[in-house]
Amino acid sequence: MLSRRQIVEAGCAAGVLSLTAGSPLIAAVVDPSTLRRRPDAQPASPYENPVTPDAVPARPRVLVDPSIDPQLVTRARAAFDRHRGALTRTETVAIVDFAKSSSEPRFYLLDTNTGRVTRHLVAHGRGSDPAHTGFLQRFSNAIGSEASSSGGYVVSTYYDGKYGRSMRVRGLDPSNSNAEARSIVVHTAWYAEPGIVAETGRLGRSEGCFALPRASLQEAMARLGPGHFLYADRIA
């Protein structure tokens with residue numbers, strides 16, 4: 001016969017498993033026999049969700065707003081984990097879904113503690129869409145391509161440039177390693193405003209930068225400053 005303590009522990013284990021299994025984001029499977037935290041374990045962002053045989057997160061991975069493609073979230077999380085050492089801030093990440101038309105909000109600012117997102121328009125590079133269809137056709141990391149690049153980035157610094165206050169980014173993957181050499185940044189632009197979509201059915205194109213509406217850039221600079229992670233890709 002099970003003791004009272006064993007019954008209580010079994011019930012707690014079942015509760016944790018039911019929560020993690022309910023997440024569409026491929027939450028980690030937890031062995032009930034390891035439901036204890038190391039004394040030296042530090043709390044982590046639910047986006048990171050580090051699981052070891054001796055420690056489990058205080059809560060399961062958060063449910064991310066379903067407006068972001070779950071497969072894209074999975075890729076972004078893998079890139080986040082891979083580049084964790086390059087990041088100094090993790091409470092907010094940006095995910096850009098370049099599978100969507102430029103007429104749709106596809107630049108997501110994700111709160112990693114709650115899973116909530118705000119959605120914003122963003123232009124892609126002219127080299128990624130030569131015919132100006134409104135859809136990204138290809139990525140390129142080549143200098144002079146004027147195309148958007150896929151992969152993980154870390155926001156480096158603020159600066160004042162052609163489009164006013166902007167944010168530089170550094171590419172973390174082979175697919176965007178030339179970001180700094182190409183002067184890829186996050187900035188505002190007249191051709192990224194919602195009114196352009198109303199007039200033409202799509203945004204204008206950048207030279208590979210992440211061009212946002214002015215109001216969206218203000219939020220991005222407030223929440224996605226230096227040390228934060230940005231991930232851009234598309235699910236074919």
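Residues numbered from 1 in each chain as written. Predicted model: local features only at pLDDT ≥ 70, side-chain atom pairs only at ≥ 80, totals over all residues. Heavy atoms only, no water.

Asker: Could you clarify how one ought to interpret the pairing of strand β3 (residues 117-120) in this entry?
Answerer: Consecutive side chains of a regular strand alternate in pointing toward one face of the sheet and then the other. Across four bridges, strand β2 (residues 107-111) lies against β3 in antiparallel orientation. Bridge pairing links F107 to H120 in β3. The hairpin formed by β2 and β3 contains five residues between the paired strands, and G115 there has a positive phi angle of roughly 85°. (Pairing = 2+ DSSP bridges. Helix = DSSP H or I, 4+ residues; strand = E, 2+ residues; numbered from the N terminus.)

Asker: Is there a simple way to think about the sheet that holds β2 in this case?
Answerer: Backbone hydrogen bonds hold the strands of a sheet together, and the pairing may be parallel or antiparallel. Taken in spatial order, the eight strands line up as β3-β2-β1-β8-β4-β5-β6-β7 in an open sheet, and their pairing is mixed. The open sheet has two free edges, formed respectively by β3 and β7 (210-212), since each of these has just one partner strand. Sheet twist, expressed as the average angle between the axes of neighbouring strands with direction ignored, equals 25°. Packed onto the sheet, helix α2 (residues 70-82) meets β1 (92-97) and β8 (229-233) and runs at close to 135° relative to β8. (Axes fitted to C-alpha atoms, helices over the stretch in contact; angles between N-to-C directions. Contact = heavy atoms within 4.5 Å.)

Asker: Help me understand the packing of aromatic side chains in this model?
Answerer: Ring pairs (aromatic) are described by centroid distance and by the angle formed between their planes. Taken as a whole, this structure holds six aromatic pairs when the rule is applied. The interplanar angle of 15° and the centroid separation of 6.4 Å between the aromatic rings of F98 and F210 together place this pair among those described as stacked. Within this pair, whereas F98 is found in the loop between β1 and β2, its partner F210 is found in strand β7, the two being separated by 112 residues in sequence. With a relative accessible area of 1%, F98 lands in the buried category. For F210, a relative accessible area of 1% gives the class buried. (Phe/Tyr/Trp six-rings, centres within 6.5 Å; stacked < 30°, edge-to-face > 60°. Buried < 20%, exposed > 50% of the residue type's maximum accessible area, 1.4 Å probe, protein only.)

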